[in-house]
Amino acid sequence: MNFQLENKNVYASDAGQGIDQNKETIVFLHGSGLSHIVWSLTEQFFSNNNFNVLSIDLPGHGNSDGPCLDSIEKIADWLEQVFNKLNLNNLILIGHSQGCLEILEYAHKYKNRLKKLVFIGGSNKMPVHPDLIDLAKNGDSDAVKLMMKWGYEGSKRFIGGNPVEKIIQSPRDIRDILAVDLVACNNYKNGSDAAKLIEFPSMFIFGSLDKMVNLEAGKKFSSLINNSSTHIIEGCGHMIMIEKAFEMRDKVLEFLKK
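What counts as what
- Residues numbered from 1 in each chain as written.
- Predicted model: local features only at pLDDT ≥ 70, side-chain atom pairs only at ≥ 80, totals over all residues.
- Heavy atoms only, no water.
- Phe/Tyr/Trp six-rings, centres within 6.5 Å; stacked < 30°, edge-to-face > 60°.
- Helix = DSSP H or I, 4+ residues; strand = E, 2+ residues; numbered from the N terminus.
- Buried < 20%, exposed > 50% of the residue type's maximum accessible area, 1.4 Å probe, protein only.
- Contact = heavy atoms within 4.5 Å.
- Patch = residues over 30% accessible without salt bridge, like charges linked within 9 Å, V, L, I, M, F, W, Y side chains within 5 Å.
- Areas by Shrake-Rupley, 256 points an atom, 1.4 Å probe, with all protein chains shown as cover.
- Salt bridge = Lys/Arg side-chain N within 4 Å of Asp/Glu carboxyl O.
- Lys, Arg positive; Asp, Glu negative; His and termini not counted.
- Charge placed at Lys NZ, Arg CZ, Asp CG, Glu CD.
- Polar contact = N/O pair within 3.5 Å; in protein donor to acceptor, adjacent residues only side chain to side chain.
- Pairing = 2+ DSSP bridges.
- Axes fitted to C-alpha atoms, helices over the stretch in contact; angles between N-to-C directions.
- Right-handed = clockwise from strand over helix to strand, strands pointing away.
- Disulfide = S-S within 2.5 Å.

(A) Molecular detail of the packing of aromatic side chains. Within the structure shown, the criterion is met by 10 aromatic pairs. For the pair F28 and F46, a centre-to-centre distance of 6.1 Å together with 50 degrees between the ring planes defines the contact as tilted. Remark: F46 occurs in helix α1 (residues 43–48) and F28 occurs in strand β3 (residues 25–29); sequence separation between them is 18 residues. Assigned by exposure class, F28 and F46 land together as buried.

(B) Quick peek at the side chain of S97. In this structure, S97 sits in the loop between β5 (91–96) and α3 (98–109). If sequence neighbours within four positions are ignored, S97 has contacts with G31, I120, G121, G122, M126 and H238.

(C) Region of interest: a negative patch on the surface. Where like charges cluster on the molecular surface, the negative patch consists of E234, E247, D250 and E254. Residue class for E254 comes out partly exposed when judged on its relative accessible area of 45%.

(D) Structural detail: the environment of D14. Mapping D14 onto the fold places it in the loop between β2 (8–13) and β3. We classify D14 as buried; its relative accessible area is 11%. On a C-alpha basis, the gap between D14 and L54 in space is 4.8 Å, while along the polypeptide they are 40 residues apart. If we skip the residues at most four places from it in the chain, D14 touches M1, V53 and L54. At 3.2 Å, the side chain of D14 and the backbone nitrogen of G18 are in polar contact.

(E) Highlighting the sheet that holds strand β4 (residues 52–56). Read from one edge of the open sheet, eight strands run β1-β2-β4-β3-β5-β6-β7-β8, paired in mixed fashion. Taken across any chain shown, the strands that pair with only one partner, and hence form the sheet edges, are β1 (2–5) and β8 (228–233). Mean inter-strand twist for the sheet, computed between neighbouring axes without regard to direction, equals 25 degrees. Where β1 lies against β2, four bridges are found, and the strand directions are antiparallel. Across the sheet, N2 pairs through a bridge with Y11, a residue of β2. Against the sheet, helix α2 (residues 72–85) touches β1, β2, β3, β4 and β5, its axis set at about 120 degrees to β1.

(F) Spatial organisation of the pairing of β4. β4 sits mainly inside the fold: five of its five residues count as buried. Both β2 and β4 contribute to a ladder of two bridges, which runs antiparallel. Residue pairing in the sheet places A12 in a bridge with I56 of β4. Pairing geometry for β3 and β4, over five bridges, is parallel. Looking at β4, one finds that I26 is bridged to V53. Between the parallel pair β3 and β4, the chain is carried across by α1, and the sense of this crossover is right-handed.

(G) Molecular detail of the state of the cysteines. Scanning the model with the defined rule gives zero disulfides in all. Free of any disulfide, C100 has its nearest cysteine sulfur in C185, 9.8 Å distant. For the unlinked cysteine C236, the closest cysteine sulfur is that of C100, found at 13 Å. For C236, a relative accessible area of 0% translates into the label buried.

(H) Here's a closer look at unusual backbone geometry. Cis rather than trans, the peptide bond between G66 and P67 has omega equal to 5 degrees. For P67, the position within the fold is in the loop between β4 and α2. Positive phi, close to 65 degrees, is recorded for N7, a residue that is not glycine. Relative to the helices and strands, N7 resides in the loop between β1 and β2. In this structure N7 comes out as exposed when scored by relative accessible area, which is 70%. One non-glycine residue, N227, lies in the positive phi region at around 60 degrees. Position of N227 among the secondary structure elements: in the loop between α9 (215–223) and β8.

The following block contains the structure:
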């Protein structure tokens, strides 16, 4: 699906089904430097289970026009513009990593559109190591290698190579997209306060081997939100929707059908 917002093109993958106002809508929010592609093993599954699905490319990412938005707060405001444009309500937001921060801020500002929330490999705060930020700002490919070392368990198992490296391909991608996202994550400070005010049914999914958001940090995050449940996927790192897509989507579907 392509549409325009403030004279800029926005892309959201909808599994080729469009929006049926009689169905609940799941919105997938990707992590830093990534795009809708990371949800390719997930969106068709939920479309087949009678949900509308929208895997949104944030500004400057994937097929959406830039520039990138440089704060979580600005992204939350932009998402509200998108949902207003598409006349979407009773939303289920599913976010990965940076996408979890976006859910927190969006829920804090615009809770009237929401129904349920799913946080995947996220926390209420996501400080980024200064070395990683510096590498990314310089367009250095070592930034992507560091991300994979810290967050991606068993990437060599994937036929055709690491899908993250296929999304973040060039020094420009690293400098103008990934670096902007990492700084936005590092600067976001409202997560704890926002989490404590969430009243929607919420689910948390963590990878047992995730070094970016370790289980201790994840459990502290989940404890801030009432009416929540947690599922830990064994043998999994940070890229849960790629590493363990089948287990993740089955658990999310179970939660959504309660």
